[in-house]
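Read off the chains here:
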Amino acid sequence: MTKKPYKEIGSLSIHSVIEDYSGVIKVSLNEMGYVEVSISETYEHGMTAEIDLTFEEYERVLKAIDKANDILLSDIFHQERYAVDLINVSGPSLKRQGFILVNVFEHSIILVVSLTRGGDADIMIGKEEISLLVSLFKKVEMNRTSASAE
């Protein structure tokens, strides 16, 4: 199976108060219906992790982010990481399998992409950037709908 090129839907630069949690989230879509979520940590020894999700897995990530946002809006302060959801991903390529973990910590969401054959990249999204993240993730749905209508 040849890899179909991904069409980038959008990206979001995250500037965390903790430098090690800053980075870029990129979301892309391919013709076979897979959504690529890429997290690139921007500190000196940061890594990039790219994972392929089915649309159902992607929907679950979006729901977890919405749930995490609701938790943050309820003003419950989490001094420890609180796991909202862990989404196992078994994409078409072994290099792009693993899981996505959505956590709440203090007043932020921590999004982790962990590769089965690779490392973990995580990014901390503050309250002011969460709506931008949700908008970015919802663009995939709009692009997928318009592509299937063509």
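A quick note: this is a predicted structure, and the numbers were derived from the prediction, not measured.

### Observations regarding the sheet that holds strand S1 (residues 6–14)
The strand order across the open sheet formed by 4 strands is S1-S2-S3-S4, and the pairing between neighbours is antiparallel. A single partner strand is all that each edge strand has here, and the edge strands are S1 and strand S4 (48–53). In this sheet, adjacent strand axes meet at a mean angle of 15 degrees when their direction is disregarded. In the sheet, strand S3 (residues 35–41) pairs with S4 via 6 bridges, with the strands oriented antiparallel. Within the sheet, the bridge partner assigned to Val35 lies in S4 and is Leu53.

### With respect to unusual backbone geometry
The residue Glu106 is not glycine, and still its phi comes out positive at about 55 degrees. One can find Glu106 in strand S6 (residues 98–106). For Glu106, a relative accessible area of 34% translates into the label partly exposed.

### Quick look at the pattern of salt bridges
Throughout the structure, instances matching the rule amount to 5 salt bridges. With a shortest N-O distance of 2.5 Å, Glu36 and Arg96 are connected by a salt bridge. Residue Glu36 is found in strand S3, and its partner Arg96 is found in the loop between strand S5 (78–89) and S6; the two are separated by 60 residues along the sequence. By the burial criterion, Glu36 is buried, and Arg96 matches it. Because the salt bridges share partners, they merge into one network encompassing Glu36, Glu50, Asp52 and Arg96.

### Here's the deal with the packing of aromatic side chains
A complete count under the given rule lists 2 aromatic pairs for this structure. Between Tyr58 and Phe137 the ring centres are 5.3 Å apart and the planes differ by 15 degrees, which places this aromatic pair in the stacked class. Of the two residues, Tyr58 is situated in helix H1 (residues 55–73) and Phe137 in helix H2 (residues 127–149); the sequence distance between them amounts to 79 residues. Through a chain of ring-to-ring contacts, the aromatic side chains of Phe55, Tyr58 and Phe137 assemble into a single cluster.

### So, the environment of His45
Examined against the element boundaries, His45 turns out to sit in the loop between S3 and S4. Given a relative accessible area of 63%, His45 falls into the exposed group. When the C-alpha atoms of His45 and Val89 are compared, they prove to be 25 Å apart, with 44 residues separating the residues in sequence.

### Here's the deal with the sheet that holds S6
A sheet is described by the order of its strands in space; here 4 strands give the open sequence S5-S6-S7-S8, paired in antiparallel fashion. Two strands close off the open sheet at either side, each with one partner strand: S5 and strand S8 (120–126). On average, each strand axis in the sheet is inclined to that of its neighbour by 20 degrees, with strand direction left out of account. By the bridge criterion, 7 bridges tie strand S7 (residues 108–115) to S8 in an arrangement that is antiparallel.

Analysis parameters
Residues numbered from 1 in each chain as written. Predicted model: local features only at pLDDT ≥ 70, side-chain atom pairs only at ≥ 80, totals over all residues. Heavy atoms only, no water. Pairing = 2+ DSSP bridges. Helix = DSSP H or I, 4+ residues; strand = E, 2+ residues; numbered from the N terminus. Axes fitted to C-alpha atoms, helices over the stretch in contact; angles between N-to-C directions. Buried < 20%, exposed > 50% of the residue type's maximum accessible area, 1.4 Å probe, protein only. Salt bridge = Lys/Arg side-chain N within 4 Å of Asp/Glu carboxyl O. Phe/Tyr/Trp six-rings, centres within 6.5 Å; stacked < 30°, edge-to-face > 60°.

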